[in-house]
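Given next are the chains, with one letter for each unit.
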Amino acid sequence: MEYINIFIKSAFIENLVLSYFLGMCSYLAVSKSVKTAFGLGLAVIFVLGITVPINWLITTYILSPDGILGMDLTFLRLILFIAVIASMVQLVEMVIEKFSPGLYSALGIFLPLITVNCAILGGSLFVVTREYNFGESVAFGLGGGFGWFLAIIAIAAIREKMSYSNVPAPMRGLGMAFLLTGLMGIAFLSLLGIDPNAFN
């Protein structure tokens, strides 16, 4: 049940985009259509769900003083985290290019930019600072990815709808996207009063 609590908390209560505003570059750039947002959202779920537990294993069993090597190598944490993230993103990129060339071209430069997406790196760092175990890190990674997926799908759907609306010229494009993100962030802040242990 603890894993479900962490999943719900990371997806809704502590959403990486709408609570911490991590990963905003690709979030704003790719959210012009639901189709591309859906593809990138799935890629983020996969990358976060895989890299967060792998990075937890690296921190616990290799980099920590109690690890296999018996040395404190935590100064290498960021470099290794980014290397793991980059390799997973490369894998996702190859799979999307093979099976969905249209989505691959629609995502363009923003697919490889998941490598430096601070939501992905932030997820791995949150797991370390919160001292989660392996199962909790899996739940957090999947929940964080799912929350990011929900946020980008929601804003993409709103932005598609607003393209048919009479938006004042100064607010068109990124101006309205920032305003919508702020309003969605406020809406998600209302979830902070929810006790995740209430689901037990």
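Within any chain, residue numbers begin from 1 and follow the written order of that chain's sequence. Per-residue local features of the predicted model are confined to residues with pLDDT of at least 70, and side-chain atom pairs are confined, for both listing and counting, to 80 or more; whole-chain, interface and lining totals are unaffected and use all residues. In computing side-chain values, all of the structure's heavy atoms are included and hydrogens and water are not.

S.K.: Break down the overall build of the protein for me, with residues and values.
M.R.: We count a stretch as a helix when DSSP gives it H or I for four or more residues in a row; a strand needs E for two or more, and each element gets its number in order from the N terminus. Per the secondary structure count, the protein includes 8 helices and 0 strands. In the protein, the order of α-helices and β-strands from amino to carboxyl end is α-α-α-α-α-α-α-α. Dimensions of the protein, computed from the C-alpha atoms along their principal axes, are close to 65 × 45 × 25 Å. Out of the 200 residues belonging to the protein, those deemed buried represent 45%. Contact definition: two residues touch when any of their heavy atoms are within 4.5 Å. In the protein, 77% of the contacts between residues at least 6 apart in sequence involve partners at least 24 apart. The Shrake-Rupley method, run with a 1.4 Å probe sphere, supplies the accessible areas, and residue values consider only the shown protein chains as cover. As presented, the protein carries roughly 10000 Å² of accessible surface, and 71% of it is formed by carbon and sulfur atoms. Residues scored as positive are Lys and Arg, those scored as negative are Asp and Glu, and His as well as the terminal groups of each chain are ignored. The location of each charge is read from NZ of Lys, CZ of Arg, CG of Asp or CD of Glu. Across the protein, the centroid of the 9 positively charged side chains sits 18 Å from that of the 10 negatively charged ones. Relative accessibility under 20% of the residue-type maximum defines a buried residue, over 50% an exposed one, and the middle range a partly exposed one, all with a 1.4 Å probe and only protein chains included.

S.K.: I'd like to hear about the pattern of salt bridges, residue by residue, with values.
M.R.: Any Lys or Arg side-chain nitrogen found within 4 Å of a carboxyl oxygen on Asp or Glu counts as a salt bridge. Using the criterion set out here, one finds 2 salt bridges in the structure. In this structure, the salt-bridge partner of arginine 130 is glutamate 14, at a minimum N-O distance of 3.0 Å. Of this pair, arginine 130 sits in the loop between α6 (118–129) and α7 (134–162) while glutamate 14 sits in the loop between α1 (2–13) and α2 (24–29); the two residues are 116 residues apart in sequence, bridging distant segments of the chain. Using a relative accessible area of 16% as the deciding quantity, one classes glutamate 14 as buried. Sharing partners across several salt bridges, the network here consists of Lys9, Glu14 and Arg130.

Geometry only, nothing functional implied.
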